[in-house]
Amino acid sequence: MIEISNITVRFGGIKPIDQLTATLTAPVAGLIGPNGAGKTTLLNVLSGFVKPMEGSILLAGVPLLSLSPLRRVEAGLRRSFQTEQVVEDLTVHDNLSAIADHVVPAGERARAVEAALSHVRLTDVADLLGGRLNLFQRRLVELGKCLVGQPKLILLDEPAAGLTDEEGAILRDLVLGIPAVTGAQVLVIDHDVELIRAMCSETMVLDYGKLLALGPTAEVLANDNVRRAYLGEL
Amino acid sequence: MNANPAPLTFSETAMAAPAKRPSPAGKLFAIAAVMAVFSAAVAIGANAFWLSAATSAVALSLSVIGLAVLYGQLGLVSLCQFALVGVGGWVTLRIGHAYHPPFEVSMLAGGIVAALVGLVFGIPALRLRGLYLALVTLMLAGAFQTIISAWGFPDGGPGFLGRADGAGRAMLARPALAEGPVPYFLYVSFFATIGFIIVQWHKYAKPGRAWALIRKGETVAIASGVNVLTYKAWAFALSGFFAGIAGALLAGNVGQLDGRAFSAFESLNLFALTIVGGSFHWYGALIAGLLLRAVPALLTDLGIDGYVTIGIFGVALFHALATAPAGIAGQIAGLVARLKPQARGGNRA
């Protein structure tokens, strides 16, 4: 469970997040909003790259904001990036080992990496260099990295960007399987409303840094304010 | 891929034994084998002139492998490496003259002090990259040059800070087990091989993976749990250590060093040849070392002014930057890969 209370972020004269309070409980939750709504900023606040002016965040009851970004990774926070960040001259296996090195005890790293590779179905290409992967495989490597160790909260920033519908569907199934196999909560940012609808039982909508709606996905997407601000309807 | 769409649970997959992966031991052994063949060929075939040039070349290749860690692994441009060679050589000479320990002790001291200085020189890299880091490190190399020329490079007189006073310089004795030119060449080759293996091992292990993430982006590295400060500092210390050992081995080669040999220009030259030789493969360092010392030796042998090498290196650097970013070593690796097309991916040099 993520409990966000009264978070405000200020960059000079603008407030990308303005007094945001929200509690996310679903195993796979969604975060949507128009460009500039503060989605990625919120992700950066959660992972520690942006310091809010005020407010607090509890992850499973533990205060998050006092921890450095590194401590948060050790505490089980994982994130992927909007543009995939696979290292080209490391193998798929080593791309996952690179995070296992720092979050898994020495004797258990090989198994942790194999388990994550297997979950994202990359075992067959484990020895291929990152530079030789297609976009879908790269997205799967990013997802696999998030599974290494004992993740508590996985933040996925547009994990399906650039994928075909079929690839997106496979990715969706893999993401849906994460809470059951790892116990981690997943927060997905995506522009693809259909993907969010299919993946997330709970969705939060931001608009100009403020909470526009939060609740069961079907209800949120049917909300008039959401349709006006985000879907461009009405 | 994705032949089997049924999701696997972690508990199921955790039961399966981890797949067998080729151990890097074979590749590390290959370094020892190549170096053994190279050293044997030089030791048997070279005359005194070429043996001395080859000894300097191999010693310098150790400083190149250090620079290759910074550039090839972290993407950092450091233009003060030859100053660190000077620091290592100077400390080795002074410890040797002041306390007369075995050569290895002086050499280790040279390596450690150069590693510490390298760490200090690396502080700007915690905030700077690219051109700005290059400029700052070049200024550090210039500062080192100014200090040693203003103060005099204290290398031949008595005591720890002694300077040669015109009565002749004291010479540092070579290590007891390698006093002759051929044994000393093999001695230098041995330590260079150890250095190459240590750096190569880093690439296959935790530090190499952390460096690769830092090169990709510091935010990505932090999000993967990498302590960027620690791994950058380790790279600078390691790089400085090998520069220091290179300086020690150069000092041992002729028993003394000349302060004028450690100008900022030499650091620039060393960096240029690191790129020409190839900073992504260990043998790129050996190639760079040979270019630095063997090419001038060859020109001298042919009766051509040694300064012509500057022009040759400039053309070589232009060629490398324009057509072969992985350097001569990268071209060799590409050729080898083409000759055995059945070998598939996963081959990280």
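Once a new chain begins, its residue numbering starts again from 1 and follows that chain's sequence as written. Each chain is given a letter, starting from A, and each ligand a number, starting from 1, according to the order in which they appear as written. Reporting of local features is limited, given that this is a predicted model, to residues whose pLDDT is at least 70; pairs of side-chain atoms are given and counted only at 80 or more, and all residues count toward the totals for whole chains, interfaces and linings.

K.L.:
Sorry if this is basic, but what is going on with the overall build of chain A here?
P.N.:
Scanning chain A for helices and strands turns up nine helices and 10 strands. A radius of gyration in this sense is built from C-alpha atoms; the matching globule rule multiplies 2.2 Å by the number of residues raised to 0.38. Relative to a compact globule of 234 residues, whose C-alpha radius of gyration would be 17 Å, chain A shows 17 Å and is just as compact. Judged by the C-alpha coordinates and their principal axes, chain A covers about 50 × 40 × 35 Å. Going through the 234 residues of chain A one by one, you find that 53% of them count as buried. The helix count covers DSSP runs of H or I at least four residues long, the strand count covers runs of E at least two residues long, and both are numbered beginning at the N terminus. Exposure classes come from backbone-placed C-beta atoms, where a residue is buried if 20 or more other C-beta atoms lie within 10 Å of its own, exposed if 12 or fewer do, and partly exposed in between.

K.L.:
Would you take a moment to explain the overall build of chain B for this structure?
P.N.:
When its secondary structure is counted, chain B shows 14 helices and zero strands. Starting at the N terminus, the α and β elements of chain B follow one another as α-α-α-α-α-α-α-α-α-α-α-α-α-α. Counting across all 349 residues of chain B, residues that qualify as buried make up 46%. Contact between two residues is assigned whenever their backbone-derived C-beta positions fall within 7 Å. By sequence separation, contacts in chain B at least 24 residues apart represent 77% of the contacts at least 6 residues apart.

K.L.:
Quick question: what am I supposed to make of the nonpolar core here?
P.N.:
Within soluble globular proteins, side chains that are nonpolar generally end up buried alongside one another. Nonpolar core, as used here: buried Ala, Val, Leu, Ile, Met, Phe, Trp, Tyr and Cys residues forming one set through C-beta atoms within 7 Å. Ranked by size, the top nonpolar core spans 174 residues in total, and within it V188 of chain A together with A246 of chain B carry the most contacts. Looking at which element gives the most residues to this core, the answer is helix α3 (residues 48–74) of chain B, with 15 residues. In this structure A246 of chain B touches A59, L60, L62, S63, V85 and G88 of chain B, once residues within four positions along its chain are discounted.

K.L.:
Help me understand the interface of chain B and chain A in this model?
P.N.:
Between chain B and chain A, the residue contacts involve 30 residues of the former and 41 residues of the latter. Breaking the side of chain B that touches chain A down by element, the ones donating at least two residues are α1 (10–15), α8 (206–216) and α9 (218–223) of chain B. It is α8 of chain B that contributes the most residues to the side of chain B that touches chain A, six residues altogether.

K.L.:
Is there a simple way to explain the packing of helix α2 (residues 25–45) of chain B against helix α7 (residues 181–204) of chain B in this structure?
P.N.:
Angle between the axes and distance between the axes are the two parameters that describe a pair of packed helices. All names here are of chain B. Angles run from 0 to 180 degrees between N-to-C directions of axes, and those axes are lines fitted to C-alpha atoms, restricted for helices to the stretch in contact. For the pair α2 and α7, the least separation of the axes is 10 Å and the interaxial angle reads 160°. Taken together, the axis directions place α2 and α7 in an arrangement best described as roughly antiparallel. At the point where α2 passes α7, the crossing takes the right-handed sense. Along its contact with α2, which presents K27, L28, I31, A32, M35, S39, V42 and A43, the element α7 presents V182, F185, L186, S189, T193, F196, I197, Q200 and W201. When residue character is reported, Ala, Val, Leu, Ile, Met, Phe, Trp, Tyr, Cys and Pro are called nonpolar, Asp, Glu, Lys and Arg charged, and the others, Gly included, polar. In terms of residue class, the contact of α2 with α7 is made up of 12 nonpolar, four polar and one charged. Angular relationships are summarised with four words: roughly parallel below 35 degrees, roughly antiparallel beyond 145, roughly perpendicular across 65 to 115, and oblique for the angles in between. Take the far helix as the reference: if the near one is turned anticlockwise from it by less than a right angle, the crossing is left-handed, and if turned clockwise, right-handed.

K.L.:
Explain the sheet that holds strand β8 (residues 185–189) of chain A here, please?
P.N.:
Residue and element names in this part refer to chain A. A strand pair is defined by DSSP finding two or more bridges across the two strands. Strand order in the open sheet formed by six strands is β6-β7-β8-β3-β9-β10, with mixed pairing between adjacent strands. The sheet is open, and its two edges are formed by β6 (77–79) and β10 (210–216), each paired on a single side. Strand-to-strand twist of the sheet, defined as the mean angle between neighbouring strand axes without regard to direction, takes the value 15°. Direction of pairing for strand β9 (residues 202–207) relative to β10: antiparallel, over a ladder of six bridges. Opposite L206, over in β10, you have L211 as the bridge partner.

K.L.:
How should I be thinking about the environment of G259 of chain B in this particular structure?
P.N.:
Residue and element names in this part refer to chain B. With respect to the secondary-structure elements, G259 resides in the loop between α10 (228–254) and α11 (264–277). By C-beta crowding, G259 is classed as buried, having 20 other C-beta atoms within 10 Å. Separated by 168 residues in the primary sequence, G259 and V91 place their C-alpha atoms 13 Å from one another. Setting aside its immediate chain neighbours within four residues, G259 contacts I148, S149 and F153.

K.L.:
Looking at this structure, how should I read α8 of chain B?
P.N.:
In an α-helix there are 3.6 residues to a turn, and that puts residues three or four apart on one side. The buried count for α8 of chain B comes to nine of 11 residues, which makes it a mostly enclosed element. Of the positions making up α8 of chain B, those classed as buried are P207, G208, R209, A210, W211, A212, L213, I214 and K216 of chain B. Close packing links the buried residues of α8 of chain B with α3 (92–103) of chain A together with α3, α7, α9 and α10 of chain B.

K.L.:
Explanation requested: the pairing of strand β4 (residues 54–59) of chain A in the structure shown.
P.N.:
Residues in a regular strand project their side chains so that they alternate between the two faces of the sheet. Sheet topology note: the strand β1 (residues 2–11) of chain A/β4 of chain A ladder contains five bridges and is antiparallel. Residue pairing for β4 of chain A: E3 of chain A is matched across the bridge by L58 of chain A.

K.L.:
Please explain helix α14 (residues 327–339) of chain B as it appears in this structure.
P.N.:
Residues and elements named next belong to chain B. Expected helix span is given by 1.5 Å per residue-to-residue step, counting one fewer step than there are residues. Over its 13 residues, α14 runs 19 Å from end to end, which matches the ideal 18 Å to within 8%, given 1.5 Å per residue. All of the buried residues along α14 are G327, I328 and A329. Looking at the buried positions of α14, the neighbouring elements they touch are α11, α12 (282–301) and α13 (308–323).

K.L.:
What am I meant to see in the packing of α11 of chain B against α12 of chain B here?
P.N.:
Residue and element names in this part refer to chain B. Taken N-terminus to C-terminus, the directions of α11 and α12 make an angle of 130°; their axes are 8 Å apart at the nearest point. On the basis of their axis angle, the class for α11 and α12 is oblique. Like other packed secondary-structure pairs, α11 and α12 cross with a definite hand, here right-handed. Across the interface between the two elements, L273, T274, V276 and G277 from α11 touch G284, A285, I287, A288, L291 and L292 from α12.

K.L.:
Sorry, what's going on with the environment of G314 of chain B here?
P.N.:
Considering the arrangement of structural elements, one finds G314 of chain B in helix α13. A C-alpha to C-alpha distance of 9.7 Å links G314 of chain B and V276 of chain B, two positions 38 residues apart in sequence.

K.L.:
When you look at the sheet that holds β4 of chain A in this model, what are you seeing that I'm missing?
P.N.:
By way of backbone hydrogen bonds, the strands of a sheet pair with one another, either parallel or antiparallel. All names here are of chain A. As summarised here, the arrangement of the four strands in space is β2-β1-β4-β5, forming an open sheet in which the pairing is antiparallel. Pairing within the sheet leaves two strands with one partner each, and these edge strands are β2 (14–24) and β5 (62–63). In terms of strand pairing, β4 meets β5 through two bridges, oriented antiparallel. Bridge pairing links L58 to P63 in β5. On the sheet, helix α1 (residues 39–47) packs against β1, β2 and β4 and is oriented at approximately 70° with respect to β2.

K.L.:
It is not clear to me how unusual backbone geometry should be interpreted in this structure. Could you clarify?
P.N.:
Glycine aside, residues mostly have negative phi, and peptide bonds are mostly found in the trans state. Residue and element names in this part refer to chain A. A positive phi angle is found at A60, which is not glycine, with a value near 50°. Tracing the backbone through its elements, the reader meets A60 in the loop between β4 and β5. Taking the C-beta count within 10 Å as the criterion, A60 has 13 such neighbours and is therefore assigned partly exposed. Even without being glycine, Y208 reaches a positive phi, approximately 50°. With respect to the helices and strands, the residue Y208 is situated in the loop between β9 and β10. With 16 C-beta atoms packed within 10 Å, Y208 lands in the partly exposed category.

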